[in-house]
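Close look at the chain arrangement
What follows is the residue order along each chain.
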Amino acid sequence: MATKSAEPKAVEKTFDFPDALVTKAADLIAKQGYVSRKEISEMQDLEWAVDFGKKVDRYFLDADAKRYIYTEKFDFAGGEIDAIIWDMDQITTREAALEKLAEVLGKKVINGKLDQVTY
């Protein structure tokens, strides 16, 4: 009788976020309302950026800073995808975050409309 081999389990990536980098992101968000890969190059890795956004959000929650931190990946013309972490009290809509990220990175928004990449 043949035995079925077990499917290998997916290994979930874990990231180490140095406190100094989290503090840098928090300071930038407090000052300019957002952080992108322009300020923190590691955000080029989209999985890293999403988990980093969670860490930055936790930083503000632990500090009782009353900020609504949001992380999102956006799709731009040419199929390029980038992430932004922002404070929704300073950049109040997803559309505004998309426009800010496009401006900062010199990207073109697809058809001038929001195109969210899901994760």
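A few points on the structure. (Residues numbered from 1 in each chain as written. Predicted model: local features only at pLDDT ≥ 70, side-chain atom pairs only at ≥ 80, totals over all residues. Heavy atoms only, no water.)

Focus: the packing of aromatic side chains
The condition is simple: By convention, a stacked pair of Phe, Tyr or Trp rings (six-membered ring in the case of Trp) has centres within 6.5 Å and planes under 30 degrees apart, an edge-to-face pair has planes over 60 apart, and any other such pair is tilted. Relative accessible area decides the class of each residue, using a 1.4 Å probe on protein chains only: under 20% of the type maximum gives buried, over 50% gives exposed, and in between gives partly exposed. A run of H or I in DSSP counts as a helix once it spans at least four residues, and a run of E counts as a strand once it spans at least two, with each numbered from the N terminus.
One pass over the structure, following the stated rule, counts 8 aromatic pairs. Plain terms: the ring middles of Phe15 and Phe17 are 6.1 Å apart, the flat faces sit at 35 degrees to each other, and that makes the pair tilted. Residue classification places Phe15 among the partly exposed positions, given a relative accessible area of 21%. Residues Trp48 and Phe52 carry aromatic rings whose centres are separated by 4.6 Å and whose planes lie at 20 degrees to one another, so their mutual orientation is stacked. Placement of the pair is Trp48 and Phe52 together in helix H2 (residues 46-62), with a separation of 4 residues, close to one helical turn. By relative accessible area, which is 9% here, Trp48 ends up buried. The exposure class of Phe52 is buried, given its relative accessible area of 0%.

Some points on the packing of helix H1 (residues 19-32) against H2
Definition in use: Where helices are involved, their axes are fitted lines through C-alpha atoms of the stretch in contact, as for all axes, and angles between N-to-C directions lie from 0 to 180°. Working definition: roughly parallel below 35 degrees, roughly antiparallel above 145 degrees, roughly perpendicular at 65 to 115 degrees, and oblique for all remaining angles. Residue contacts are counted whenever heavy atoms from the two residues lie within 4.5 Å of one another. By the convention adopted, Pro, Cys, Tyr, Trp, Phe, Met, Ile, Leu, Val and Ala count as nonpolar, Lys, Arg, Asp and Glu as charged, and the other residues, Gly among them, as polar.
H2 packs onto H1 with a crossing angle of 75 degrees between their chain directions and a minimal axis gap of 10 Å. It follows that H1 is roughly perpendicular to H2 by the angle criterion. Contacts between H1 and H2 pair Leu21, Val22, Thr23, Ala25, Ala26 and Ile29 from the former with Trp48, Phe52, Lys55, Val56, Tyr59 and Phe60 from the latter. Its residues assigned to classes, the contact of H1 with H2 comprises 10 nonpolar, 1 polar and 1 charged.

Describing the pairing of strand S2 (residues 69-75)
What counts is decided by this rule: Whether two strands pair depends on DSSP finding at least two bridges between them.
Counted residue by residue, S2 has 6 buried out of 7 residues, so it is predominantly covered. Examined bridge by bridge, S2 and strand S3 (residues 81-87) share 7 bridges and lie antiparallel to one another. The residue of S3 that forms the bridge with Ile69 is Asp87.

Structural notes on the nonpolar core
This is how the line gets drawn: The criterion is simple. A nonpolar core is a set of buried Ala, Val, Leu, Ile, Met, Phe, Trp, Tyr and Cys residues joined through side-chain atoms within 4.5 Å.
Counting residues in hydrophobic clusters, the biggest one holds 18 residues, and the most contacted among them are Val35, Ile40, Met43, Phe52 and Val56. Among the secondary structure elements, those contributing two or more residues to this core are H1, H2 and S3. Ranked by residues supplied to this core, first place goes to H1 with 6 residues. Aside from chain neighbours lying at most four places away, what touches Ile40 is Leu21, Lys24, Ala25, Val35, Trp48 and Phe52. By size, the runner-up hydrophobic cluster in this structure holds 14 residues, among which are Ile91, Leu98, Leu101 and Ala102.

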